[in-house]
Amino acid sequence: MSLIETVNVQDFGINLEEFNPSLSDYIKSNIDNKVVPESGEVSSAASITRMDLHADDNEYVRKILDIVLWITPRVACNIASNSHMPGSFLEAVSPELIAQVSQNSGWHPRAFELTACWGILYDGAQGVISHNHFPFTLSFSYYSHTSEESAPLEIENKTIPAKEGNLTLFSSHEQHEVKGEENSGERIALVGNLSYNPRLLL
Ligand SMILES: [Fe+2]
């Protein structure tokens, strides 16, 4: 069973009407005009930016990445236990649970680092064929611009609506795709990968 987590960044105090156009503009300004497949996969169409946007000091990218890193310990605990822990994604995972996971399971919920981040522009009927992000650990997708007709993100057998403001995290090995949808207009997403790195805590 795949466990996929979606939060809406409005819950973290982001005003979508102000935020999303600025992030979308930043992604579009970094889009290479030629169509480039995502790393290690064959893409049907979508255009992408370079894959190190996390190295930039852009305030809008940084805000999404801050939320990704904030919720990652809870997402990781949920995936590892294949259940939803009590509490909200707004809350930090308790020190007691972190100690319990570290001692009983041998991994640390905070030992994840961002290892790639890029923007994707889907225009009209463009999509991305089924692929995965192995050998990364966790992957995320944030939609900064969609329309009512936008095709959803399909992860394994689950359908995640392409809704502005939604941030989705999932295990990187899970197969996912976006089917092209005629007349769906432009869709813009910020996506990326995290790796488990216990050396972070040394
Ligand atoms: Fe992907």
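The rules behind each value
- Once a new chain begins, its residue numbering starts again from 1 and follows that chain's sequence as written.
- The model is predicted, so local features are restricted to residues of pLDDT at least 70 and side-chain atom pairs to those at 80 or more, both for listing and for counting; the totals for chains, interfaces and linings are taken over all residues.
- Strands here mean DSSP runs of E at least two residues long; helices mean DSSP runs of H or I at least four residues long; both are numbered from the N terminus.
- All radius of gyration figures rest on C-alpha atoms, and the globule criterion is 2.2 Å times the number of residues raised to 0.38.
- In this scheme every C-beta is placed from the backbone, and a residue whose C-beta has 20 or more other C-beta atoms within 10 Å is buried, one with 12 or fewer is exposed, and one in between is partly exposed.
- Contact between residues is assigned whenever the C-beta positions, reconstructed from backbone atoms, fall within 7 Å.
- Strand pairing requires that DSSP identify at least two bridges connecting the strands.
- Between N-to-C directions, angles cover 0 to 180 degrees, with each direction set by a line fitted to C-alpha atoms, over the stretch in contact for helices.
- Expected span, for any helix, means 1.5 Å times one less than how many residues it has.
- This arc is taken over the directions from the axis of the helix to the C-beta atoms.

1. A short note on the overall build of the protein
Phase 1: Scanning the protein for helices and strands turns up three helices and ten strands.
Phase 2: Counting helices and strands in the order they occur from the N terminus, the protein gives β-α-β-α-α-β-β-β-β-β-β-β-β.
Phase 3: Expected size for 202 residues packed as a compact globule is a radius of gyration near 17 Å; at 17 Å, the protein falls within 12% of this value.
Phase 4: C-alpha extents for the protein along the principal axes are approximately 50 × 30 × 30 Å.
Phase 5: Taking all 202 residues of the protein together, the buried fraction comes to 34%.
Phase 6: Long-range contacts, defined as pairs at least 24 residues apart, comprise 78% of the intrachain contacts of the protein with a sequence gap of at least 6.

2. A closer look at the pairing of strand S8 (residues 166-171)
Phase 1: The element S8 is extensively covered by neighbouring structure, given that five of its six residues are classed as buried.
Phase 2: Relative to S8, strand S1 (residues 5-8) is paired through four bridges, and the arrangement is antiparallel. When the sheet's bridge partners are listed, Asn8 is paired in S8 with Asn166.
Phase 3: Note that strand S5 (residues 138-145) and S8 share five bridges and pair antiparallel. Considered in S8, the bridge of Ser141 is made with Thr168.

3. So, the sheet that holds strand S2 (residues 47-48)
Phase 1: If you trace the six strands from one edge of the open sheet to the other, you get S1-S8-S5-S10-S3-S2, paired in antiparallel fashion. Each edge of the sheet is formed by a strand with only one pairing partner; in this case those strands are S1 and S2.
Phase 2: Contacts from helix H1 (residues 16-30) reach strand S3 (112-122), S5 and strand S10 (187-196), with the element oriented near 110° to S5.

4. Some remarks on the sheet that holds strand S7 (residues 158-160)
Phase 1: A sheet is described by the order of its strands in space; here four strands give the open sequence S4-S9-S6-S7, paired in antiparallel fashion. Of all strands in the sheet, those with a lone pairing partner are strand S4 (128-131) and S7, marking the two edges. Between one strand and the next, the sheet's axes are offset by a mean angle of 20°, whatever the strand orientation.
Phase 2: Here three bridges tie strand S6 (residues 153-155) to strand S9 (residues 176-178), and the two strands are oriented antiparallel to one another. What sits directly across from Leu153, in S9, is Val178.

5. What about helix H3 (residues 95-105)?
An α-helical segment advances 3.6 residues per turn. Residues three or four places apart therefore align on the same side.
Phase 1: For H3, the tally of buried residues reaches only zero of eleven residues, placing the bulk of the element at the surface.
Phase 2: Note on H3: the residue one or two positions beyond its end, Gly106, has a positive phi of about 80°.

6. So, the environment of Leu3
Phase 1: Among the structural elements, Leu3 can be located in the segment before S1.
Phase 2: In this structure, the C-alpha to C-alpha distance between Leu3 and Phe170, residues 167 residues apart in sequence, is 6.9 Å.
Phase 3: Not counting the four nearest positions on each side in its chain, Leu3 is found in contact with Asn78, Ile79 and Asn82.

7. A look at the pairing of S3
Phase 1: Pairing between S2 and S3: two bridges, direction antiparallel. Note that in S3 the partner of Ser47 across the bridge is Leu121.
Phase 2: The sheet contact formed by S3 and S10 spans ten bridges and is antiparallel. Paired with Ala116 across the two strands is Asn193, which belongs to S10.

8. Regarding the environment of Lys28
Phase 1: If you trace the backbone, Lys28 turns up in helix H1.
Phase 2: According to the C-beta neighbour criterion, Lys28 is partly exposed, with 16 such atoms within 10 Å.
Phase 3: Sequence separation between Lys28 and Ser47 is 19 residues; the distance between their C-alpha atoms is 9.6 Å.
Phase 4: Not counting the four nearest positions on each side in its chain, Lys28 is found in contact with Leu121 and Ile188.

9. Observations regarding H1
Phase 1: Given a rise of 1.5 Å per residue, 15 residues ought to cover 21 Å, and the 21 Å separating the end C-alpha atoms of H1 matches this to within 8%.
Phase 2: Three or more residues of H1 are buried, namely Asn20, Leu23, Ser24, Tyr26 and Ile27. Around the axis of H1, the buried residues are gathered within 160° of arc, so they sit on the same side. Opposite its buried face, H1 presents the exposed residues Glu17, Glu18 and Ser29, each directed more than 90 degrees away.
Phase 3: Those residues of H1 that are buried lie in contact with helix H2 (59-81), S3, S5 and S10.

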